[in-house]
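Structural overview for review
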Amino acid sequence: LSTVIGLLSRIHLGWDRNRDDLYRGVRFLAKKGPSSSDLYYTYIATQVVHRQTEGKGPIWKKWNEGVREMFTEAQSRENHARGSWHFAEDPRAKRGGRFYCTALAVMTLEVYYRHLEIYQLPD
């Protein structure tokens, strides 16, 4: 978790998106993939991968498909919980419950809608 938080912090502090350290970090995250046992990690990592790749290319495509698949498969489809998420294996879910899991799932799925681009390509 500290690696992914560090990468996102560096992005916000001005690291160039083509910096080798950042690129290697994103490749490391891509190899690891999204985690259903740590939704906070997945949320932060999704921001890092999206920002470094500008939401394009094979690394982002694979990451985004993995996130969507993970959340689609885990979404509740029954009774009062319908449409929400609960990942019992996430240690923070023990305290935050279904509300915590649903909030992080939604924020992760909308990373590319909620955050302004840091790296802008010239028109």
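Predicted, not measured: the structure shown is a model, and the values here were computed from it.

About the criteria used
Residues numbered from 1 in each chain as written. Predicted model: local features only at pLDDT ≥ 70, side-chain atom pairs only at ≥ 80, totals over all residues. Heavy atoms only, no water. Helix = DSSP H or I, 4+ residues; strand = E, 2+ residues; numbered from the N terminus. Rg over C-alpha atoms; globule rule 2.2 N^0.38 Å. Buried < 20%, exposed > 50% of the residue type's maximum accessible area, 1.4 Å probe, protein only. Areas by Shrake-Rupley, 256 points an atom, 1.4 Å probe, with all protein chains shown as cover. pLDDT = per-residue confidence, 0-100. Phe/Tyr/Trp six-rings, centres within 6.5 Å; stacked < 30°, edge-to-face > 60°. Lys NZ or Arg CZ within 6 Å of the ring centre and 35° of its normal.

We now examine the overall build of the protein chain. Of regular secondary structure, the protein chain possesses 6 helices and 0 strands. Taken from the N to the C terminus, the helices and strands of the protein chain come in the order α-α-α-α-α-α. Computed over C-alpha atoms, the radius of gyration of the protein chain comes to 15 Å, within 12% of the 14 Å expected from 2.2 N^0.38 for 123 residues, which places it in the range of a compact globule. If one aligns the C-alpha atoms of the protein chain with their principal axes, the spans along those axes are about 50 × 30 × 25 Å. Looking at the protein chain residue by residue over its 123 residues, the buried ones come to 41%. Of the accessible surface of the protein chain, which amounts to about 7,500 Å², a share of 52% is contributed by carbon and sulfur atoms.

Here we take up the confidence of the model for the protein chain. Across the protein chain, the average pLDDT comes to 92, with 92% of residues at or above 70. The secondary-structure element of the protein chain with the lowest mean pLDDT is helix 6 (residues 111–114), recorded at 79, while helix 4 (residues 57–74) shows the highest, at 97.

This brings us to the packing of aromatic side chains. Ring pairs (aromatic) are described by centroid distance and by the angle formed between their planes. Taken as a whole and assessed by the stated rule, the structure comprises 3 aromatic pairs. Aromatic side chains W60 and Y112 sit 5.7 Å apart centroid to centroid with 90° between the ring planes, which places their arrangement in the edge-to-face category. In this pair, W60 is assigned in helix 4 and Y112 in helix 6, connecting sequence segments 52 residues apart. W60 gets classed as buried once you look at its relative accessible area, which sits at 7%. Centre to centre, the rings of F71 and F87 are 5.8 Å apart; their planes meet at 80°, and the pair counts as edge-to-face. Pair noted here: F71 is in helix 4 and F87 is in the loop between helix 4 and helix 5 (93–109), with a separation of 16 residues, a long-range link. An aromatic cluster is built from F71, W85 and F87, whose rings are joined through pairwise contacts. Here the basic side chain of K32 rests over the ring of Y41, its NZ or CZ set 4.3 Å away from the ring centre.

Here we come to unusual backbone geometry. If you check the backbone angles, E54 has positive phi at about 55° while not being a glycine. Structurally, E54 can be placed in the loop between helix 3 (39–53) and helix 4. With relative accessibility at 13%, the residue E54 sits in the buried group. With a phi angle near 50°, N79 is a residue other than glycine that sits in the positive phi range.

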